[in-house]
Amino acid sequence: MNIVHIAAEVYPFSKVGGLGDVLGALPRAQWKAGDRVCVITPLYKEVIDKKYELKRISLEFDVWIGGKKRKCRVFEYSYDSTYKVYFLFNRSLFAKGGVYTESDGSPLANSTERFVFFQKAALRVVSCLAKDADIIHCHDNHVAVLPLYKKLRYKNLRARTFFTIHNVGYQGVADMREKGLFGLPGSYFRKGGDLFWQGSINPMKAGIIHADAVGTVSPTHAREILESGELSAGMREIFVRTGRKLYGVLNGVDYDEWSPEKDRFIWKNYSMSSLDSKQENKKRLIAELGVDVSLEERPLIGMVSRLVEQKGVDILLEAIPSIVSLGCGLVVLGKGNRKYEEKLKNYQERYKGAVCVRIGYDYLLSHRIIAGTDFFVVPSRYEPCGVTQMYSMRYGTIPIVRKTGGLADTVKDWDGKEGTGIVFEEYCAEELFKAIRKAVNIYRNRDLHREISCNGMRMRFSWDKSAGEYRKLYAKLIES
Ligand code: ADP
Ligand code: GLC
């Protein structure tokens, strides 16, 4: 099969959250399974600054957007003759700012224009460099209108389109005044139109309607979207009205990047048979972060996350005083909502030595926290898949998660006989606190702690399996 992935994030070039992890691993798994693969993504300033060896290729063209001509330049990166990543660049749209925000974290001024440009340009690249593609796999709202553009403007391309919703809470909603940027007939933006949503423009809605197939990143979340208006952020209505199917394919883990035996970022490598060395990582983490040394012998809980409403930061904040009163330490690495950042920093001040907060994006520290803590908390309000709970299991760091979406599909609550973590159901600080109390009891029983850690370490969420599931879905599309 010949597969083209199109996405706004691709690890290691650009990563804000799990979307980057997926695009860093799924294409490789597909290539290993014998498929031809390429990835198309924007060339952001941060990618230019990292100085990868990108090769400028001769393809160059203009994209019309909002009555203006914008030049698209194309660069390529080859993974030692396995597969290629194509980077698309326009100076006025991508030479400054981050992936989804300006460099100072404020909202991107040209977000709609950026991603409309990217979608139009990506299709042009497919038609020039991958015209025999079987599947164009579009990821998230930034490329959700691409299936519609393909239908309208690239009738010669035989590829079928697959649209994966990684996060239904981010739909790319734009002000109706921006409709001119899309270059589509006015009917799409009028009441009842495929991009019309409560008076605004909604790209995700168009993706659900026009892609040949639609998926999300865990079976439970697929059910949640189809069953709940709230959890689907309103998109359930579109599925019901159009009778569209929604497939749930669980993400995997890139174990070359996330394994304690060979992790190049942690202080001491370890495995199930040398689990004592995990303690060395805990000691070094405690020293590096300057938290209370006595935490070496008390439970240390980690969190690495975007600090946004989805991630359950509000219930964590509410539970912090009780968590500290249990004698636990808490280490949080994240960035996002200013209000959450401030409140977390206030707790760091109030509970010096017990609560440590690092605001920012830090790949190295993310590995060290996942390896060096005893428990890892993911109290999400909703979670399409979530990858950090799977990483933490691999490191013997017991996950404490809320029972939602992919968290429910990957972590089994310790029931006294078996289990890989601690799972709580109701979204509230009290239930989170009870889960942490359970963690503390587990911590006190060294043998039990080790047993649950090892249960998690044995789990494998292989990308080969997920790639196999995608392959079956692609094959169905190609045949239809
Ligand atoms: P989401 O995509 O919703 O953010 P996931 O759990 O799927 O959630 O993926 C989050 C990814 O981003 C993980 O790889 C996690 O380690 C990483 N991450 C999140 N915040 C940070 C941060 N501040 N520093 C480093 N890595 C982070
Ligand atoms: C999203 C989701 C997360 C998922 C990731 C990768 O951002 O919030 O749950 O793991 O995409 O699919």
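Residues numbered from 1 in each chain as written. Chains lettered and ligands numbered in written order. Predicted model: local features only at pLDDT ≥ 70, side-chain atom pairs only at ≥ 80, totals over all residues. Heavy atoms only, no water.

Chemist: I tried to follow empty space enclosed by the protein on my own but got confused; where do I start?
Modeler: Over the atoms rolls a probe the size of a water molecule, and its path tells where empty space is left. Enumeration over the complete set of coordinates arrives at one cavity of 30 Å³ or more. As a volume, the largest cavity reaches approximately 100 Å³. Along the walls of the largest cavity sit 15 residues, with Asp21, Ala25, Asp254, Trp258 and Tyr391 positioned nearest its centre. Per-element accounting of the lining of the largest cavity gives the leading share, four residues, to helix α1 (residues 18–32). When its residues are assigned to classes, the lining of the largest cavity shows nine nonpolar, two polar and four charged. (1 Å grid on protein atoms, 1.4 Å probe; cavity = no way out; pocket = protein on both sides within 12 Å on 5 of 7 lines; lining within 4 Å. Points joined across faces, edges and corners; volume = space filled by probe spheres on them. Helix = DSSP H or I, 4+ residues; strand = E, 2+ residues; numbered from the N terminus. Nonpolar A, V, L, I, M, F, W, Y, C, P; charged D, E, K, R; others polar.)

Chemist: In this structure, what is going on with the site of ligand 2? I would like to understand it.
Modeler: Neighbouring ligand 2 are the residues Gly18, Leu19, Val22, His166, Asn167, Val217, Asn251, Gln310, Glu383, Pro384, Cys385 and Gly386. Between an oxygen atom of ligand 2 and a side-chain N or O atom of His166, the distance comes to 2.6 Å. Take Gly386: an N or O atom from its main chain is 2.8 Å from an oxygen atom of ligand 2. When ligand 2 sits alone it has 310 Å² of accessible area, and the protein chains cover 94% of it. Looking at side-chain class alone, the shell around ligand 2 contains five nonpolar, six polar and one charged residues. Each of domain 1 (2–252 + 464–479) and domain 2 (272–460) gives at least three residues to the shell around ligand 2. (Near = heavy atom within 4 Å. Polar contact = N/O pair within 3.5 Å; in protein donor to acceptor, adjacent residues only side chain to side chain. Areas by Shrake-Rupley, 256 points an atom, 1.4 Å probe, with all protein chains shown as cover. Domains from an automatic or database assignment.)

Chemist: Is there a simple way to think about the side chain of Ser218 in this case?
Modeler: The residue Ser218 is located in the loop between β10 (213–216) and α7 (219–227) in this model. What Ser218 contacts, discounting residues up to four positions off in sequence, is Gly248, Val249, Leu250, Pro384, Gly405, Gly406 and Asp409. (Contact = heavy atoms within 4.5 Å.)

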